[in-house]
Amino acid sequence: MVGTWEWDPFSGRFVLDGGAAALLAGDPGLAGDPLSCERATAGLEEADVERFLGELRRAEAEGDDVLIELRAAGPSRPRRLLCRGRILRDPLGRTVRGEGTLLDAAEIGAEARALLGFPDDVAGAAIDEAADLLIAARRAIDASGNPKLRDLVDVVLLEVAREIASRSQPAKSIRH
């Protein structure tokens, strides 16, 4: 878990802990302060701000949980976050508060992502699995002492590493 948030439906304000303030608001110094929606989400990718707020409104209207994947904007590349929360109600069914947690998507395995209901990156998972298998093959080949096989597996490992690196690079904007 990398952060927690609370939402007051009456004022529309959020209170974030240090991790959530750093990622959602883009400023860890705002932890504990009541923040407007705009300020509380200033650290998210622009397209994800309305999706997050819309998910809160939907969960409130339907009496459901908050469940969404977000991207926190960063200096090098967006950080993928899994946001899970709930809407708390009083005995009369009125919304009194929302609360949730942020998880780093990179630290969550495919099985946990499936349990949380988040889509899996099938191609990315396949390349990651191939990398794991190739590393195991490289270790076994090292034990055999065959330099030709080691060179061949190294070529494939290099290509898989390039593929993984290309997936983790931010998209470059094209200037006209």
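Predicted, not measured: the structure shown is a model, and the values here were computed from it.

Visitor: Please explain the sheet that holds strand β4 (residues 79–89) as it appears in this structure.
Guide: In sheet architecture, strand pairing relies on hydrogen bonds along the backbone and comes in two forms, parallel and antiparallel. Read from one edge of the open sheet, five strands run β2-β1-β5-β4-β3, paired in antiparallel fashion. Sheet topology places β2 (13–16) and β3 (66–72) at the edges, where each strand pairs with a single neighbour. The mean angle between the axes of side-by-side strands here comes to 25°, regardless of whether they run parallel or antiparallel. Examined bridge by bridge, strand β1 (residues 3–8) and strand β5 (residues 95–104) share five bridges and lie antiparallel to one another. Bridge assignment links Trp 5 to a residue of β5, and that residue is Gly 100. The sheet strands contacting helix α1 (residues 18–25) are β1, β2, β3, β4 and β5, and the helix crosses β2 at an angle near 125°.

Visitor: What exactly am I supposed to notice about helix α3 (residues 46–62) here?
Guide: Residues spaced three or four apart along an α-helix point in a common direction, a consequence of the helix completing one turn every 3.6 residues. End to end, α3 covers 25 Å across 17 residues, agreeing with the expected 24 Å (1.5 Å per residue, within 8%). Residues Asp 48, Phe 52, Leu 53, Glu 55, Leu 56 and Ala 59 constitute the buried set of α3. All buried residues of α3 lie within an arc of 150° about the axis, which places them on one face of the element. Away from its buried face, by an angle of more than 90 degrees, α3 presents the exposed residues Glu 46, Ala 47, Ala 61 and Glu 62. Looking at the buried side of α3, the elements it contacts are β1, β2, α2 (37–40), β3 and β4. Directly after α3, the chain includes Gly 63, whose backbone phi takes a positive value near 65°.

Visitor: Mind showing me how you'd approach the environment of Asp 90 here?
Guide: Position of Asp 90 relative to the elements: it lies in the loop between β4 and β5. For Asp 90, a relative accessible area of 19% translates into the label buried. There is a polar contact of 2.9 Å between the side chain of Asp 90 and the backbone nitrogen of Leu 92.

Visitor: When you look at the pattern of salt bridges in this model, what are you seeing that I'm missing?
Guide: If the charged atoms of two oppositely charged side chains come close together, the side chains can form a pair. Scanning the entire structure with this criterion turns up 13 salt bridges. Across the pair Glu 55 and Arg 58 runs a salt bridge, and its minimum N-O distance is 2.8 Å. On the criterion of helical spacing, the pair formed by Glu 55 and Arg 58 is a turn pair, its members being three residues apart in helix α3. Taking the shortest distance from any N to any O, the salt bridge between Arg 58 and Glu 62 comes out at 2.8 Å.

Calculation notes
Residues numbered from 1 in each chain as written. Predicted model: local features only at pLDDT ≥ 70, side-chain atom pairs only at ≥ 80, totals over all residues. Heavy atoms only, no water. Pairing = 2+ DSSP bridges. Helix = DSSP H or I, 4+ residues; strand = E, 2+ residues; numbered from the N terminus. Axes fitted to C-alpha atoms, helices over the stretch in contact; angles between N-to-C directions. Contact = heavy atoms within 4.5 Å. Expected span 1.5 Å × (residues − 1). Buried < 20%, exposed > 50% of the residue type's maximum accessible area, 1.4 Å probe, protein only. Arc of directions from axis to C-beta. Polar contact = N/O pair within 3.5 Å; in protein donor to acceptor, adjacent residues only side chain to side chain. Salt bridge = Lys/Arg side-chain N within 4 Å of Asp/Glu carboxyl O.

In short, shape yes, function no, at least from these values alone.
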